[in-house]
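Coordinate inspection notes
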Amino acid sequence: MKKQISLKWKIGRYLLAFGVFIIAVMFIFQIGLLEPMYEQSKINTVKLVSDAIVNALDDDMDEDDLEDLVFENQVKNDTCIRYFRTEEGHTSDSYDMHYMNGCLLYRMRPEEINENIANAYASQDKTYLGISDEDLGIPISEKNFRNIIYTRILQDDDETSIVMVYTGISSVGAALQTLRKQMLYIGIILIFGVILLTLLLYKQIAKPLLSINEKAKSLPEGKYDPDPQTNRYREAQELNETLVKAAGDIQKADKAKRDLIANVSHDLRTPLTMISGYGEMMIDLPEEKTDENIQVIIDESKRLTNLVNDLLDLSKMQENKIVLNEEDFDLTELIRNQLRKYDVYQYRDGFVIEENLPEAVTVHADRKRIEQVINNFITNAINYSLDDKHIIVAENIRDDSVKVSIQDFGQGIAKENINDIWDRYYKVDKTHVRASSGSGIGLAIVKEILDLHHAKYGVESQPGKGSTFWFSLPIKK
Ligand code: ADP
């Protein structure tokens, strides 16, 4: 696998890219767009001011208020306002009415004023925006290097108003100089910031990961002992928890595997010893060649076959190689037929197997597999019954499903073991003597089968009082 670069460099690269991006954005806005944005805002101002004056003229505002409005707009918006009004053939000029503090529009040559007005007349919307870099002849202030004159004409039937608004754009050169210097400082600060932040993030994020990685190397041995220092953020904490759990699982699986080998070897050896022992005995002592002794050999061979089949079955199921062969069948009939197999336990060992079954219940499932589940539950009930040899096999119908339960009154299962019994190879008590074969894989097979059927299943148990194993299947109407 290609080696990735370290988190430190990765963080550093992203942060640096971010810093460069921020500087670039600032550069574009401050240096590149400053002038055009400034000019646009000035243009907007002259238009707004001219609107205000035009409206006032249109509304025939009285002379004093108009003067106030003009004055206020000149001062507040740094503009110069001049207007003309023609009423019934008589033209008035704001020049004659107000003292205009000598602003540019009152000092421009009449030809220039007229040119702007003529341009406005010529345009479709009767406005004209004149922007010029040239000195308009009468410098009002040296700092302005660009002039904006907005001329707007409003014509009614008998009345014409012309409003001119001027504003100057002062040079932004000096401001730019300062900004450039600022950008340089900001750049330097940003680079330091990036380095600092990278180191900080590295310490906070990457260091715990490195430590966790180091500790996780002992995971294959089922060991993981997290350093509490690494729990600096939730993800690291969760990773630690996951690894602790994984280590526990590995340990458990390891132990289970060892247990299985021990169990299976033991369970293989017992019948094999019996088979070879009986075989040898029958050769040595011809009078022992009885049907009963031959039956023992046959029974023990069957036990071996069953065990090997179980192991093969489980491994196939765990590799998802089992396909269910589903069909409709009567579950009650199937249970009744299976129970006949256990008659021998009733008359030989004194078991009482009580049947609590309704008439007929049709389900859609894999008949052979469900048979396996029921046999497993009954065999376990017999195996773990101890002295109280009473077993109840019942079917309960609720709504659209049937719940099958097998209850015994034997040794029961302790609370701490109850979740583990469905695990492969798990046995609560490794030393008990069984009435029938088993290697701790029966319930693992049951679980796989019921999971494949998407069936609900479970166990209720109390140590010393007994257990009830159950599963439920949908009823086929
Ligand atoms: P085993 O071959 O050991 O019976 P199973 O997978 O069938 O394997 O069962 C796993 C374990 O669950 C058993 O070893 C036993 O400890 C416990 N167990 C299963 N059924 C019962 C039961 N009816 N009563 C008490 N314990 C049970």
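Residues numbered from 1 in each chain as written. Predicted model: local features only at pLDDT ≥ 70, side-chain atom pairs only at ≥ 80, totals over all residues. Heavy atoms only, no water.

As for the domain arrangement of the chain
What counts is decided by this rule: Note that the domain bounds were set by an automatic or database domain assignment.
Each assigned domain of the chain is listed here: domain 1 (7-31 + 175-216), domain 2 (33-171), domain 3 (217-320) and domain 4 (323-474). Inter-centroid distance (C-alpha atoms) of domain 3 to domain 4 is 21 Å.

So, a nonpolar patch on the surface
Selection criterion: Each patch is built from residues that are more than 30% exposed by relative accessible area and take part in no salt bridge. Like charges join if they lie within 9 Å; nonpolar side chains (Val, Leu, Ile, Met, Phe, Trp, Tyr) join within 5 Å. Every accessible area reported is derived by Shrake-Rupley at a probe size of 1.4 Å, with residue values counting cover from the shown protein chains alone. In the sections that follow, a salt bridge refers to a side-chain nitrogen of Lys or Arg positioned within 4 Å of a carboxyl oxygen of Asp or Glu. Numbering of helices and strands runs from the N terminus, with a helix taken as a DSSP run of H or I at least four residues long and a strand as a DSSP run of E at least two residues long. Burial status follows relative accessibility: with a 1.4 Å probe on protein chains alone, a residue under 20% of its type maximum counts as buried, one over 50% as exposed, and anything between as partly exposed.
Together, Phe18, Phe21, Val25, Ile28, Phe29, Leu33 and Met37 give the surface a local cluster of nonpolar side chains, amounting to about 670 Å² of exposed area. Along the chain, Met37 turns up in helix H2 (residues 34-58). Met37 sits in the partly exposed class, given a relative accessible area of 46%.

Observations concerning the sheet that holds strand E10 (residues 401-408)
What counts here: Any two strands are treated as partners once DSSP identifies two or more bridges connecting them. Structural elements are reduced to axes, namely lines fitted to C-alpha atoms, with helices fitted over the stretch in contact, and the angle between N-to-C directions of any two is expressed from 0 to 180 degrees. In what follows, a contact means two residues having at least one pair of non-hydrogen atoms within 4.5 Å.
If you trace the five strands from one edge of the open sheet to the other, you get E7-E9-E10-E12-E11, paired in mixed fashion. Each of the sheet's edge strands pairs with one partner strand only, and the pair in question is strand E7 (352-356) and strand E11 (456-462). Direction aside, neighbouring strands of the sheet carry axes that sit 15 degrees apart on average. Bridge count between E7 and strand E9 (residues 390-398): five bridges; the pairing is parallel. Its bridge partner lying in E9, Glu355 is registered against Val393. Across the sheet, helix H9 (residues 331-340) touches E7, E9 and E10, and the angle it forms with E9 is around 175 degrees. With respect to the sheet, helix H11 (residues 367-383) is in contact with E9, E10 and strand E12 (466-474), its orientation differing from that of E12 by roughly 170 degrees.

Some remarks on the confidence of the model for the chain
Going by this rule: Values of pLDDT, ranging from 0 to 100, describe the predictor's confidence in every residue of the model.
In this model, the chain carries a mean pLDDT of 86, and residues with pLDDT of at least 70 account for 93%. The low-confidence segment residues 432-437, where pLDDT is below 50, has twelve contacts with residues more than four positions distant or belonging to other chains.

Section: the nonpolar core
The condition is simple: Only buried Ala, Val, Leu, Ile, Met, Phe, Trp, Tyr and Cys residues count toward a nonpolar core, and they belong to the same one when joined by side-chain atoms within 4.5 Å.
Leu331, Ile370, Phe377 and Phe471 are the most contacted members of the largest nonpolar core, which has 47 residues in total. No other element matches the seven residues that H11 contributes to this core. Counting residues domain by domain, this core receives three or more from each of domain 3 (217-320) and domain 4 (323-474). Contact partners of Ile370, with chain neighbours within four places excluded, come to Phe329, Leu331, Leu334, Ala365, His453, Phe471 and Leu473. Counting residues in each nonpolar core, the second largest holds 16 residues, with Ile43, Leu57, Tyr83 and Val165 among its members.

Structural notes on the pattern of salt bridges
In the structure shown here, the tally under the stated rule is 24 salt bridges. Ionic pairing is found between Arg109 and Glu112, a salt bridge with its closest N-O pair at 3.1 Å. Residue class for Arg109 comes out partly exposed when judged on its relative accessible area of 44%. The shortest N-O distance in the salt bridge between Arg340 and Asp343 comes to 3.4 Å. Taking the relative accessible area as the measure of exposure, Arg340 reaches 40% and is therefore partly exposed. A residue is classified by how much of its surface remains accessible, and Asp343, at 26% relative accessible area, is partly exposed.

Comments concerning the side chain of Glu39
Summarising the element assignment, Glu39 is placed in helix H2. On the basis of relative accessibility, which here comes to 18%, the residue Glu39 falls in the buried class. Residues contacting Glu39, with those up to four places away along its chain left out, are Ile131, Arg146, Ile148 and Ile169.

So, the side chain of Asn116
Note the cut-off: Between N or O atoms, a polar contact is any pair within 3.5 Å; within protein, one atom must be a potential hydrogen donor and the other a potential acceptor, and residues adjacent in sequence are included only when both atoms are from side chains.
The residue Asn116 is located in helix H5 (residues 110-122) in this model. Engagement of the side chain of Asn116 in a polar contact is seen with the backbone oxygen of Glu112, the distance being 3.1 Å.

Here we look at the environment of Thr230
Tracing the sequence through the fold places Thr230 in the loop between helix H6 (173-216) and helix H7 (234-284). On the basis of relative accessibility, which here comes to 3%, the residue Thr230 falls in the buried class. Separated by 192 residues in sequence, Thr230 and Tyr38 have C-alpha atoms that sit 53 Å apart. In this structure, Thr230 is in contact with Pro208, Ser211, Ile212, Ala236 and Asn240, ignoring residues within four places of it in sequence. A distance of 2.5 Å separates the side chain of Thr230 from the backbone oxygen of Asp227, its partner in a polar contact.

Considerations on empty space enclosed by the protein
For clarity, the threshold we go by: Grid spacing is 1 Å over the protein atoms alone, the probe is 1.4 Å, and a cavity is where that probe fits but cannot get out, while a pocket is an open set with protein on both sides within 12 Å along at least five of seven lines and lining residues have an atom within 4 Å of a point. Grid points are joined across faces, edges and corners, and a volume is the space filled by probe spheres set on the points. Gly is placed with the polar residues, together with every amino acid not listed as nonpolar (Ala, Val, Leu, Ile, Met, Phe, Trp, Tyr, Cys and Pro) or charged (Asp, Glu, Lys and Arg).
Scanning all chains against the criterion turns up two cavities of 30 Å³ or more. Its boundaries defined by the atoms lining it, the second largest cavity holds a volume of some 40 Å³. Every residue lining the second largest cavity is listed: Glu35, Tyr38, Glu39, Phe145, Arg146 and Ile169. At the level of secondary structure, the elements contributing two or more residues to the lining of the second largest cavity comprise H2 and strand E4 (144-155). Among the elements that make up the lining of the second largest cavity, the one with the highest residue count is H2 (three residues). Its residues placed into classes, the lining of the second largest cavity shows three nonpolar, no polar and three charged.

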